[in-house]
Amino acid sequence: MRIRLEKRLTPSRIMQVATPIASVLLTMLLGAVIFELIGFDGPDAIWQTFITPIVAPYKWVDVLTKAAPLIIIAQGLSLGNQAKIWNIGAEGQYVIGALAGAGAAFAMPADAPSFIAIPAMIVAGILGGMAWAAIPALLKTRLRVSEVLSTLMFVYIAMQVLNYLIGGPWKDPNGHNFPQTPPFSPTQTLPHVIPGTVIPPGFVIAGVLTLLFWLLTARSVYGFSVRTVGAAPSAARYGGFDASRTVWSTLMISGGMAGLAGILEAMSQLGQINLGFPSGYGFTAIIVSFLGRLHPIGVFLAGLILAVTYVGGQVAQTAVHVPEATAGIFQATMLFFILASDILVRYRLRIVRDPRRTAPVGVPA
Amino acid sequence: MNIAFVIDALVTVIGVTTPILLAATGELVVEKSGVLNLGVEGMMLIGAVTGFAVALNYGESLGDWAPWAGVIGAAVAGAAASMLFGVLVLTLGSNQVATGLALAIFGIGLSSLIGASYVGMVIQPFNQTFPDWLAADPIGRVAFGHSPLVYIALVVVVAVGYFLNHTRAGLILRAVGENDVSAHSIGYPVIAIRYAAVAFGGALAGIAGSYFSMVITPMWAEQMTAGRGWIALALVVFSSWRAGRLLVGAYFFGILMTLELYAKASGFSFLPSQFWAAMPYIMAVAVLAVMSARDVAGAEAPACLGRPFMPNN
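Just so it is clear, the model here is predicted, and its values are computed rather than measured.

**Student:** Where do I start with the overall build of chain B in this structure?
**Tutor:** Looking only at helices and strands, chain B features 13 helices and zero strands. For 313 residues, the compact-globule formula gives about 20 Å, and the C-alpha radius of gyration of chain B, at 20 Å, lands near that figure. If you line up chain B on its principal axes, its C-alpha atoms span 60 × 50 × 35 Å. Classification of the 313 residues of chain B by burial places 52% in the buried group. Looking at chain B alone, contacts between residues at least 24 apart form 78% of all its contacts between residues at least 6 apart.

Next comes the structure, spelled out in structure tokens:
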């Protein structure tokens, strides 16, 4: 008796929903065991990481604040991932978007009214992110440079642009020599949360974008063309879908989303840009995208779950004294599980009773 | 410009080149077998923290052999981490890009977790191979004044070049990377060969990481490999998957990174220091562009690179 894999004709719907949930649960279980083994209170660490942020209302603002950039970036990345275009450099686009938005803020008079200042900064942020993704897009379509490596290299370059600007030309003259920009003026900032609620403005935008991305992927020809380019490049060519247009559009959209997330974070949470601004959202959003199975609604939920692990990681750090790096390990473990379980979506497991009867039929995936 | 300055610069170049050369040599073998493992940075960090921990904990009992134990520990840890990737990608057929990234993120997290208790501790640097008198004069220092890992890296890249091009096993490994279906149909164990290649790449990435924590700065710091794992990946493309060019390319990047150090230290630069810090990455993109444009047909990359292979079981 042994297990045989049979390729499914269409991906399993049930497995697409069940495997992310199972991945989260398995991560919690494995986490508890490992923490117990290395000498912490395992169940308590898991409770603090995964449950406390959900059941403690005073943590909700934190969770939604962290979820907003993750969801916004991951929606863009998921679109590209559907076309098998891998933008690994959202972190760089996030940073450059925020810097572009800040540049717009510093270029305008500080007392410019909000209804001009805020849209101008947001547009600049989106354009900044797009511009940073445009170079890899150009290299990919013109010179066939793999976007995986080029987008990533641009993260490191973006970090140096940030260091240069906040330590040089844009350095705050009243900042006690810290590398940071001057604060944005009151008309250039958004509130932390919408007054009277626990909802940050970025989270509202994340929600609206989720809906728009759902319409785009599920209800438009464009969404269909992106999926086709990813699943069957030659069929896409035959059907008249231009691969290089897909490269451009998906990288522009994902870069723009990362830039938007960056400027929103700067405007509503920090009120300036400093050394601590790059916080890894661009990388974590890749996990969000896969955990959400590239589906807009899934990505929205996955963004909330990853935000919980961020906030919970800090809770567990103070409550159970687990090290800071814990959240990152949980996030990576979740991604491992989701990728490992992908086989269940594409294949059916069959238990074969008689090993001699199995006829070898090649299934090159 | 005097001789001492040139000697110093050469010694620095050799030092910064060694880890990327080691990691890229490992990745070259992995990619030649048709697998793209983007998790080099994570494996390097796991190697860095393991090497440091072993050398620190066995420093008293093993004495002079402790650093060697550290290097072996780093290699084993790097290979073990790569097996995590291997099971997902090779046995379960998961997406190689995403799995490699997961390994990178995992390695960053795990190494910080393990290393948290080692922050601030120092070990004996592992930087001497030959007796002092050989490295006494300036010229001798360039040739003989390095860590054993420097010489190991050079031996390994030459050995890998020979293995890939002049041995039967190397030919089979390349066949698996060029056409997995054919290799499978004439009876070669495609998956087993790829596992071996991935493990070898992991071991070398681990050793490369240990160079940071045992030679460059004999202490542990979070994310101390500072993105060099990604440079190693670019280096493999730069080499167009050839060991000889990999060696040349590694030294080219090493010179760039040394320029950054000197620009920062001496202040002679008319450009901001951040420009020099970004230089290796800018150059990496530039060489990717040049190499990819030359290789328009994609003929130089292993044909099955990144493609999952699921033999019927």
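**Student:** Looking at this model, I keep getting lost on the packing of helix H3 (residues 60-82) of chain A against helix H11 (residues 281-291) of chain A. Mind explaining?
**Tutor:** Packed helix pairs are characterised by how far apart their axes lie and by the angle those axes make with each other. Residue and element names in this part refer to chain A. In the contact formed by H3 and H11, the axes pass within 8 Å of each other and the chain directions differ by 60°. The orientation of H3 relative to H11 falls into the category oblique. Relative to H11, H3 is oriented so that their crossing is right-handed. Contact residues: H3 offers Pro 69, Leu 70, Ile 73, Ala 74, Leu 77, Ser 78 and Asn 81, while H11 offers Tyr 281, Gly 282, Thr 284, Ala 285, Ile 286, Val 288 and Ser 289. In terms of residue class, the contact of H3 with H11 is made up of nine nonpolar, five polar and no charged.

**Student:** Could you clarify how one ought to interpret the interface of chain A and chain B in this entry?
**Tutor:** How big an interface is tends to be expressed through the accessible area that disappears when the partners come together. Chain A puts 41 residues into the contact, and the matching count from chain B is 43 residues. When residues of the side of chain A that touches chain B are traced back to their parent elements, those giving at least two are strand S1 (2-7), helix H5 (114-143), helix H6 (147-167), H11, helix H13 (326-340) and helix H14 (342-346) of chain A. A per-element tally of the side of chain A that touches chain B places H6(A) first, with 10 residues. Here the side of chain A that touches chain B is built from residues that sort into 30 nonpolar, eight polar and three charged.

**Student:** In this structure, what is going on with H3(A)? I would like to understand it.
**Tutor:** Because the α-helix completes a turn every 3.6 residues, residues three or four places apart line up on one side. All names here are of chain A. The end-to-end C-alpha distance of H3 is 31 Å, a good match for the 33 Å that 23 residues give at a rise of 1.5 Å each. Within H3, the axis deviates most sharply at Ala 67, by approximately 25°, and proline Pro 69 lies no more than four positions further along. Lys 84, located one to two residues past H3, shows a positive phi value of around 55°.

**Student:** Mind showing me how you'd approach the environment of Met257(B) here?
**Tutor:** All names here are of chain B. Here Met 257 is to be found in helix H12 (residues 243-266). Look at Met 257 and you get buried, because 23 C-beta atoms sit within 10 Å. Residues Met 257 and Val 190, 67 residues apart in the sequence, show an inter-C-alpha distance of 38 Å. Not counting residues within four places of it along the chain, the set of residues in contact with Met 257 comprises Val 16 and Pro 280.

**Student:** Got a minute to help me understand the environment of Val29(B) in this structure?
**Tutor:** Residues and elements named next belong to chain B. Summarising the element assignment, Val 29 is placed in helix H1 (residues 3-32). Among the residues examined, Val 29 registers 25 C-beta atoms within 10 Å and is labelled buried. The sequence separation of Val 29 and Leu 149 amounts to 120 residues, and the corresponding C-alpha distance is 19 Å. Beyond its immediate stretch of four places on either side in the chain, Val 29 contacts Val 160, Ala 197, Phe 200 and Gly 201.

Cut-offs used in this document
Residues numbered from 1 in each chain as written. Chains lettered and ligands numbered in written order. Predicted model: local features only at pLDDT ≥ 70, side-chain atom pairs only at ≥ 80, totals over all residues. Helix = DSSP H or I, 4+ residues; strand = E, 2+ residues; numbered from the N terminus. Rg over C-alpha atoms; globule rule 2.2 N^0.38 Å. Buried ≥ 20, exposed ≤ 12 C-beta atoms within 10 Å, placed from the backbone. Contact = placed C-beta atoms within 7 Å. Axes fitted to C-alpha atoms, helices over the stretch in contact; angles between N-to-C directions. Parallel < 35°, antiparallel > 145°, perpendicular 65-115°, else oblique. Left-handed = near helix turned anticlockwise from the far one by under 90°. Nonpolar A, V, L, I, M, F, W, Y, C, P; charged D, E, K, R; others polar. Expected span 1.5 Å × (residues − 1). Bend = angle between axes of the 7 residues up to and from the residue.

Everything listed is a geometric property; what it means functionally is a separate question.
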